[in-house]
2 protein chains.
Amino acid sequence: MALVVIGGVAAGLSAAARARRIDPRLEIVVLEKGPVISYGACGLPYLVEGRVRAPEDLVVYTPEYFRRERKIDVRTGARAVAISHARREVALESGERVRYERLVIATGAGCDTSGIAGTAQPQVFTLHTLDDAERMRRFIAEKKPRRAVVVGAGYIGVEAADALRRHGMRVTVLERSAHALLRDDGALTAAVRKTLETHGVELRCGAHVAAVEADRVAGVPCDMVVLACGFRPNTAMAAETGIELGRSGAIRTDERMQTNLSGVYAAGDCAEVTHLVTGRLTYIPLGTTANKTGRVAGANAAGGRERFPGIVGTAIVGIFGVGFATTGFSATQAKAEGFSPVAARIEAKSRPGYFQGTKTTVELVADRGSGRLIGGTVIGEEGAAGRIDVIAAALQARMRVEEFEQLDLAYSPPFSPVWDPVLIAAQQLRKEM
Amino acid sequence: MALVVIGGVAAGLSAAARARRIDPRLEIVVLEKGPVISYGACGLPYLVEGRVRAPEDLVVYTPEYFRRERKIDVRTGARAVAISHARREVALESGERVRYERLVIATGAGCDTSGIAGTAQPQVFTLHTLDDAERMRRFIAEKKPRRAVVVGAGYIGVEAADALRRHGMRVTVLERSAHALLRDDGALTAAVRKTLETHGVELRCGAHVAAVEADRVAGVPCDMVVLACGFRPNTAMAAETGIELGRSGAIRTDERMQTNLSGVYAAGDCAEVTHLVTGRLTYIPLGTTANKTGRVAGANAAGGRERFPGIVGTAIVGIFGVGFATTGFSATQAKAEGFSPVAARIEAKSRPGYFQGTKTTVELVADRGSGRLIGGTVIGEEGAAGRIDVIAAALQARMRVEEFEQLDLAYSPPFSPVWDPVLIAAQQLRKEM
C-alpha cells in the first residue's frame, strides 16, 4: 500500500505527516515540483519587506527531516504532469512514473497571468514561492526601483504593497474589480484605501491591465511590477484524469476530502470545501484551510476516518499595522447567496477611554429571516484577530444575534472595554432587525 | 410610577439609563452613597499605578449630566439604610424616605475585613472607590512606603501588587486559600506566582491574616497594607427586607433579574446569575456582568421585557504585562460541580516562529460524558483576551471539543500561527478523551 502526495507545502505535508501518524508502516511519497518544501508561504511578503531576515527562516522542515524522522520519501524537483488513475500512476516531467494506491492532490494555486502581455520581463514578479521572494529581494537591492505597481488588491497584493512601500517606493495597486480583499464590501474597500493612502500607497479599483510595458502598467510609470491577480487552483492535471471540478474550477470534495475517484483525495488551495454558513461548496484558498484539509485528506488516505466539516471564510491581513479581518459574508455577498441581510456598523475603542484605546470598526451581518449572524468585519490596530475569531465561532455555532449579544467576554482595562466592540455592534444590529 | 435605583456605579447607572430608553417619561431616582457616580472601578489599580493620571479620567458621567441629558435624578451622598417593601419606601441615612413603585438594588460588594484586627490604621487601605485610590496615591507620595503587603490574590489583589511594585516597593501578597485568582487551579496559581516572582513580588498562599500590626502583617514587615480580600455582596439591607439570598449570600434573581419580591430587581455585584455551563445560580461579581444585568434589570423595571441568560465566568487580568484569562471551570472546579473533567494543557507561540511569537499557554477542560467544552485558561503577553473569548463563545454555544477543533480562525503571520494555540489545545484534548 503506497500513498502518493502531489505537493510539498502546507496541504501536502500536513497530509503526509498525518498519514504517518495514522499508519506507522505506510509507504508515503511526496512529490514537490519546487526545490524546497514546507515553507511558510504566508511569510513571503515579510521576507520581501525584511522583517523576516532570511529565506531559511521560513523553512519549517527539510526533506531530510521528513525522510529521517517520519520515514516519508519527499522528492523535490519532482513535477507531476499526468495522473493515470486506471493504472494508479503519476507521471513526472522527468519521465518517471510513481505507483500509488491512494493519492492526495495538493497542487495548490497560482497566478493565471496569461491574459497579460509582457510578464516575462525581468522587472515583473509573482509572490508564490521562496524563489519569487528571493528574486524580488535581489532585484530591490540591486536595481533600487523607485516606483512599483502591484496588480491585484487581494491579500498578497496589499501585503506586497505594504512591503514595497517600506522599501521607500511609490506604490500603486491596480485592482480589476470594484473592491479590495476579494470581498464585495464597499465600506471595507474604503477602509483599505484610506489606510493605504495614509501611508502613501494609491489604490485604483476597476483598473484593467492588458500588458506590462517596459516602464509602465496601464499608464502608471514604474520600474517594478508585482502580479498578485488571477489566482486560480492548479487543477488542469486533475481535470484531465477525470476528477470532477466544482463551479469555481477547484476540485470537488466530500467531507472526507475525497474526490469523485475512490482513493483520490484533494486538499489545500486546489480544493473546494463546504461553506458552513450556506452549506454549499465554495473556494476560499487560505493557509489555515490548507493545513486542516491536508490533515483530513492524509488521515483518510491512510485508512483513518476523519471529516472536515467546512469553513466560514475567516481571514485577516495586516496593512501598515492595521488588521483587516473578515468572516462569513458581507451584506452584498449575503444577498447574492440568497439571504435577506441586515447589517450594522459601529466604531468603538479597543480599550476604555482612560486606557488609550485605539479605534476599532466592527460590522455584523445577520439574516433577517432566521436571525442568524452570517458575517462580520473587524478593522483595527489591536485585537482584530481575537474579535473576528469570536464572530467566526458564532457563525460556526449558527448563533442568533440575540445570543451573540449575550456573550460573556473577558474585560479588564489593559485588554478591552467593558462593552466589547463586537457586543456594541450586536446591540446595534438587533435594533435594525 | 417611580423607579428607584440603589447604587450609582456600573449596574445602577446601566439600569437607570436603560430604563430611561424604555420609558422616556418614567420618574427615575438613583441613590448613591458615595460622593461620585459612574466611575470606572476597574481602573482604580491603574490610577494607583499612575498609568491613569487623574481621578477625573475614570469618571464617565456626572450627576449633572444624568439630570440634564437623561432626566434622571441622581443623588450622591444618599446612603440607603432600609427598604420597606410594604410601604414601597427606601429610608436614607439622613432620615429621608424615598417612595418607589419599582426598585433596582445595585448595592455592589465590599471587603468584609471584620475578622482582621487593626484595619483602621492609616497605612491600611482597600481599593473599591475613587476615594480609596486617591488616599492611597497621597500616602505613597507623602510617606514613600518601601514595603507593602497585599492581602488577597484575587484580581484586585494582584493588580494592586503590580501597581505598588511599579512604585518601587517590595511587595508580598498573602492569600488565605491555596490558589490565586479565585480559581481552584494549581497550574494557574503556579503561573501567576512565576510572573509575580519574575517581577520581584512574592506570593504566599495558605496565609492566615488575623491582624495588621503597626509595622508588619502575619510576620511580613511592611509600611503599607492593601486589603483585597473577603469580597462579599452588600446584601444585609435586602435580606432584612425579606429579599431572598442564594447560597452565596448574594441576591437570588430570575432571568429578568427580578428578586422574590415583585417589582424589586437586583443587578451587579450584589446579585446571583445563572452559570450557563451548569445551569445553576452562581456568584461571580465582574464589571461586564454588572453592566449587563443592570441593563436588563432597568429595562424590566421600566416595563420592558428583557432577559439575562447568564454567564460563563469569563475574566482576564493583566499582571506585569501578561494576560491571565479564564472561562468556565478548571478541572478541579469541574469535578466539584459534578462533571467528569478531562483537561489538556499546551504551550505554543502567539505567532509563527519566524514572526517573533511569544509564549502562550492554553488549557482546555471538557466533560468526558458529553464531550462538551466546560472551561479554559489562556496565559500570554499577546492575544489572551481574544483567545479566551473564543473559548467563552464555545462554552456559551455548548460546543463539543470536536466541533471546537474545527473552528475557522483568522490567520496571518503578524497576528497568529496557522494552527492557533486554542486549536492545538483542542487537538491535544481530543487525544485525552
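Placed above this text is the structure.
Rules used throughout
Residues numbered from 1 in each chain as written. Chains lettered and ligands numbered in written order. Predicted model: local features only at pLDDT ≥ 70, side-chain atom pairs only at ≥ 80, totals over all residues. Heavy atoms only, no water. Pairing = 2+ DSSP bridges. Helix = DSSP H or I, 4+ residues; strand = E, 2+ residues; numbered from the N terminus. Axes fitted to C-alpha atoms, helices over the stretch in contact; angles between N-to-C directions. Contact = heavy atoms within 4.5 Å. Expected span 1.5 Å × (residues − 1). Buried area = accessible area lost by both parts, 1.4 Å probe. Salt bridge = Lys/Arg side-chain N within 4 Å of Asp/Glu carboxyl O. Buried < 20%, exposed > 50% of the residue type's maximum accessible area, 1.4 Å probe, protein only. Least-squares fit on C-alpha atoms with pLDDT ≥ 70 in both. Phe/Tyr/Trp six-rings, centres within 6.5 Å; stacked < 30°, edge-to-face > 60°. Lys NZ or Arg CZ within 6 Å of the ring centre and 35° of its normal. Parallel < 35°, antiparallel > 145°, perpendicular 65-115°, else oblique. Nonpolar A, V, L, I, M, F, W, Y, C, P; charged D, E, K, R; others polar. Core = buried A, V, L, I, M, F, W, Y, C linked by side-chain atoms within 4.5 Å.

Asker: Outline the sheet that holds strand S4 (residues 80-84) of chain A, listing residues and values.
Answerer: Residue and element names in this part refer to chain A. With antiparallel pairing, three strands are arranged side by side in an open sheet as S4-S5-S6. Of all strands in the sheet, those with a lone pairing partner are S4 and strand S6 (97-99), marking the two edges. Across this sheet, the average inter-strand angle for adjacent strands is 25 degrees, counted without regard to direction. Direction of pairing for S4 relative to strand S5 (residues 89-92): antiparallel, over a ladder of four bridges. Note that in S5 the partner of serine 84 across the bridge is glutamate 89.

Asker: Can you lay out the side chain of histidine 85 of chain B for me, pointing to particular residues and giving the numbers?
Answerer: As for its placement among the helices and strands, histidine 85 of chain B is situated in the loop between strand S4 (80-84) and strand S5 (89-92). Residues contacting histidine 85 of chain B, with those up to four places away along its chain left out, are Tyr100, Thr241, Leu261, Ser262 and Val264 of chain B.

Asker: So what's going on with helix H11 (residues 384-396) of chain B? Residues and values would help.
Answerer: Here H11 of chain B spans 18 Å end to end across 13 residues, near enough to the 18 Å set by a 1.5 Å rise per residue. Immediately downstream of H11 of chain B, the backbone of arginine 398 of chain B shows phi near 55 degrees, a positive value.

Asker: Could you give me a rundown of the sheet that holds strand S21 (residues 322-328) of chain B, with the residues and numbers involved?
Answerer: Residue and element names in this part refer to chain B. The strand order S20-S21-S24-S23-S22 describes an open sheet built from five strands, whose pairing is antiparallel. Of all the strands in the sheet, the pair left with one neighbour each is strand S20 (315-319) and strand S22 (341-349). Strand-to-strand, the axes of this sheet are offset by a mean angle of 10 degrees, without reference to chain direction. Helix-sheet contacts for helix H6 (residues 155-165) involve S20 and S21, and the interaxial angle to S20 is about 20 degrees. The strands touched by helix H13 (residues 421-432) are S22, strand S23 (359-367) and strand S24 (373-380); relative to S22, the strand with the most contacts, the crossing angle is about 145 degrees.

Asker: So what about the interface of chain B and chain A? Which residues, and what values?
Answerer: Residue-level contacts link 55 residues of chain B with 55 residues of chain A. Buried area between chain B and chain A, summed over both chains or domains, comes out near 4,800 Å², and the portion from carbon and sulfur atoms is 63%. Between the two partners, chain B and chain A, sit zero salt bridges. Only helix H3 (55-58), helix H9 (287-301), S20, H11 and H13 of chain B provide two or more residues apiece to the side of chain B that touches chain A. In terms of residue count, H11 of chain B provides more of the side of chain B that touches chain A than any other element does, eight residues in total.

Asker: How would you summarise the pairing of S5 of chain A if you had to cite specific residues and measurements?
Answerer: Both faces of the sheet carry side chains from a regular strand, because those side chains alternate between them. Residue and element names in this part refer to chain A. Side chains Glu89 and Ala91 project from S5 onto one buried face, and the interleaved Val90 and Leu92 project onto a second face that is buried too. A loop of four residues connects S4 with S5, the two strands running antiparallel in sequence, and arginine 88 in this loop sits at a positive phi of about 50 degrees. Between S5 and S6, which pair antiparallel in sequence order, lie four residues; one of them, glycine 95, sits at a positive phi of approximately 100 degrees.

Asker: Help me get a handle on the relation of the copies chain B and chain A, residues and values and all.
Answerer: For the pair chain B and chain A, the relating rotation is 180 degrees, the translation along its axis is 0.0 Å, and the fit reaches an RMSD of 0.0 Å. Taken together, these values place the two copies in the relation of a two-fold axis. In terms of proximity to the rotation axis, the leading residue of chain B is glycine 386 of chain B, whose C-alpha is 1.8 Å off the axis. When the interface residues of chain B are mapped onto chain A, 100% of them are again interface residues, pointing to one common binding face.

Asker: Break down the side chain of glutamate 49 of chain A for me, citing the residues and quoting the values.
Answerer: All names here are of chain A. With respect to the helices, strands and loops of the structure, glutamate 49 is situated in helix H2 (residues 44-49). On the basis of relative accessible area, glutamate 49 is assigned to the buried category, the value being 15%. Those residues in contact with glutamate 49 that sit more than four places away from it in its chain are Asp162, Ala163, Arg166 and His167.

Asker: An account of the pattern of salt bridges is requested, with residue identities and associated values reported.
Answerer: Residues and elements named next belong to chain B. The tally for this structure, following the rule as stated, stands at 43 salt bridges over all chains. For arginine 68, the salt bridge is made with glutamate 69, and the minimal N-O distance between the two is 3.1 Å. Residue glutamate 69 is classed as partly exposed on the basis of its relative accessible area, which comes to 47%. Each member of the salt-bridge network shares a partner with another, and the members are Glu49, Arg51, Asp162 and Arg166.

Asker: Lay out the packing of aromatic side chains in plain terms, naming residues and giving numbers.
Answerer: Under the definition given, this model contains 14 aromatic pairs over all chains. Centre to centre, the rings of tyrosine 61 of chain A and phenylalanine 66 of chain A are 5.5 Å apart; their planes meet at 85 degrees, and the pair counts as edge-to-face. Residue tyrosine 61 of chain A is classed as partly exposed on the basis of its relative accessible area of 30%. On the basis of relative accessibility, which here comes to 2%, the residue phenylalanine 66 of chain A falls in the buried class. Considering the side-chain rings of phenylalanine 329 of chain A and phenylalanine 339 of chain A, the 6.3 Å spacing of their centres and the 40 degrees angle between planes classify their relative orientation as tilted. Remark: phenylalanine 339 of chain A occurs in the loop between helix H9 (331-336) and strand S22 (341-349) and phenylalanine 329 of chain A occurs in the loop between strand S21 (322-328) and H9; sequence separation between them is 10 residues. No difference in accessibility class separates phenylalanine 329 of chain A from phenylalanine 339 of chain A, as the two residues are buried. Linked through ring pairs, Tyr46 of chain A together with Tyr354 and Phe355 of chain B together constitute an aromatic cluster. In this structure, arginine 295 of chain A packs its charged tip against the face of tryptophan 419 of chain B, placed 5.5 Å from the ring centre.

Asker: Let's hear about unusual backbone geometry: which residues, and what values?
Answerer: All names here are of chain A. Here methionine 257, not a glycine, exhibits a phi torsion of approximately 65 degrees, which is positive. Within the secondary structure, methionine 257 is located in the loop between helix H7 (236-240) and strand S17 (264-266). For methionine 257, a relative accessible area of 1% puts it in the buried group. The phi torsion at arginine 398 lies on the positive side, around 55 degrees, for a residue other than glycine. Checked against the element boundaries, arginine 398 lands in the loop between helix H10 (384-396) and helix H11 (401-404).

Asker: Can you tell me about the packing of H10 of chain A against H11 of chain B, naming the residues and giving the values?
Answerer: In contact at an axis separation of 8 Å, H10 of chain A and H11 of chain B are set at 10 degrees when each is read in the N-to-C sense. Taken together, the axes of H10 of chain A and H11 of chain B are roughly parallel relative to one another. Where H10 of chain A abuts H11 of chain B, its residues Gly386, Asp389, Val390 and Ala393 of chain A lie against Gly386, Asp389, Val390 and Ala393 of chain B. For the contact of H10 of chain A with H11 of chain B, a count of residues per class yields four nonpolar, two polar and two charged.

Asker: Before we move on, can you summarise H13 of chain B with the specific residues and values?
Answerer: For H13 of chain B, with 12 residues, the first-to-last C-alpha span of 17 Å sits near the 16 Å given by 1.5 Å per residue. Contacts from the buried residues of H13 of chain B go to helix H8 (287-301) of chain A together with S22, S23, S24, H11 and helix H12 (401-404) of chain B.

Asker: Residue-level account of the nonpolar core, with values.
Answerer: In terms of nonpolar packing, the biggest core is built from 80 residues, with Leu364, Leu373, Ile391 and Phe404 of chain A together with Leu364, Ile391 and Phe404 of chain B touching the most fellow members. Those residues in contact with phenylalanine 404 of chain A that sit more than four places away from it in its chain are Leu364, Leu373, Val390, Ile391, Ala394, Met399, Val422, Leu423 and Ala426 of chain A.

Asker: Describe the environment of alanine 161 of chain B, listing the residues and the values that go with them.
Answerer: Residue and element names in this part refer to chain B. Within the secondary structure layout, alanine 161 lies in helix H6. Sequence spacing of alanine 161 and valine 226 is 65 residues, and the spatial spacing of their C-alpha atoms is 8.7 Å. Look past the residues within four positions of alanine 161 in its chain and what remains in contact with it is Val150, Val171, Val173 and Val201.

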